[in-house]
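# Tertiary structure, described
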Amino acid sequence: DAGVIQSPRHEVTEMGQEVTLRCKPISGHNSLFWYRQTMMRGLELLIYFNNNVPIDDSGMPEDRFSAKMPNASFSTLKIQPSEPRDSAVYFCASSLATGVIYEQYFGPGTRLTVT
Amino acid sequence: AQKITQTQPGMFVQEKEAVTLDCTYDTSDQSYGLFWYKQPSSGEMIFLIYQGSYDEQNATEGRYSLNFQKARKSANLVISASQLGDSAMYFCAMREVLNTGFQKLVFGTGTRLLVSP
């Protein structure tokens, strides 16, 4: 079975450019999470969706960040305009909210570098 | 709010030895779940093991076991017979139930394990 799929795996962009990260959750999972990982701040939850509806976006750093989940099999995280401090690894994870354990399965991550 | 504490930034162990990675948690909930994830140098996050707060026995998954001490609020990961491939970052996490009824995971800061030959 396919796991969580993220694209691109690596992204290098210049400051001020728009960046769009994509995620396809595991089929059948109804919760989706976006995380950011940096050396300084560790693993931060940015936003999560349940049944395509954003539930908690308190981790989104500022208005430059936005996330959408138009259907159960696709989500995007957009940064516009991007800044060097946005450089990080961005993970998408999915889970079955009605499961007993509720473990999250992570994608391989997108390594973003903003110059 | 729930909190996860991993006090060991780094641990060293020799191949074939056992190692314990510490994790303590803080919660007022009666029902909760604890998780361990592994992050190798390639970067992906791999789910290892889970312990529910009402589980009477410590969870085990192959060479991984979770030493769950509820009174001490600790959920240490024990890796037996360490292998070179165990070198990675390890994260402890707790399931948090929000006021809305939805759930999310709260992660610790991680412990980097290095296994030497």
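Preceding block: the structure.
First, a word on scope: everything that follows refers to the structure included in this document. Keep in mind that what you see is a predicted model, and the values were worked out from it rather than measured. Throughout this description, residue numbers start from 1 for each chain and increase along the sequence as written. Working convention: letters from A go to chains and numbers from 1 go to ligands, in the order in which they are written. pLDDT decides what is reported in this predicted model: residues at 70 or higher carry local features, side-chain atom pairs at 80 or more are listed and counted, and totals for whole chains, interfaces and linings draw on all residues regardless. Side-chain numbers here rest on the full set of heavy atoms in the structure, without hydrogens or water.

### Here we look at the interface of chain B and chain A
Note on contacts: a residue pair qualifies if any of its non-hydrogen atoms lie within 4.5 Å across the two residues. Contacts between the two partners involve 17 residues from chain B and, on the opposite side, 19 residues from chain A. Carbon and sulfur atoms supply 63% of the area that chain B and chain A bury against each other, a total of about 1,600 Å² over both sides. Buried area counts how much accessible surface, traced with a 1.4 Å probe, disappears from two parts once they are put together, with both parts' losses summed. Among the residues chain B hides against chain A, the three largest losses belong to M45, F102 and Q103 of chain B. Together they make up 30% of the total. Salt bridges are identified by distance alone: a Lys or Arg side-chain nitrogen within 4 Å of an Asp or Glu carboxyl oxygen. Between chain B and chain A we count 1 salt bridge in total. Of the charged contacts in the structure, one is a salt bridge between K104 of chain B and D56 of chain A, with a shortest N-O distance of 3.2 Å. Under this definition, polar contacts are N or O atom pairs within 3.5 Å; protein pairs additionally need one hydrogen-donor-capable and one acceptor-capable atom, and for neighbouring residues in sequence, both atoms have to be side-chain atoms. Taken together, the connections running from chain B to chain A amount to 3 residue pairs in polar contact (both at pLDDT 80 or more). Going along the chain from the N terminus, every DSSP run of H or I of four or more residues is numbered as a helix, and every run of E of two or more is numbered as a strand. Those elements that place two or more of their residues in the side of chain B that touches chain A are β5 (33–39), β6 (46–52), β10 (88–97) and β11 (103–107) of chain B. For the side of chain B that touches chain A, the element with the most residues is β11 of chain B, which contributes 4 residues.

### What to know about the environment of S116 of chain B
All names here are of chain B. Of note, S116 is situated in strand β12 (residues 111–116). S116 sits 101 residues away from E15 along the chain, and the two C-alpha atoms are 5.7 Å apart. Aside from chain neighbours lying at most four places away, what touches S116 is V13, Q14, E15 and L84.

Structural measurements only, silent on function.
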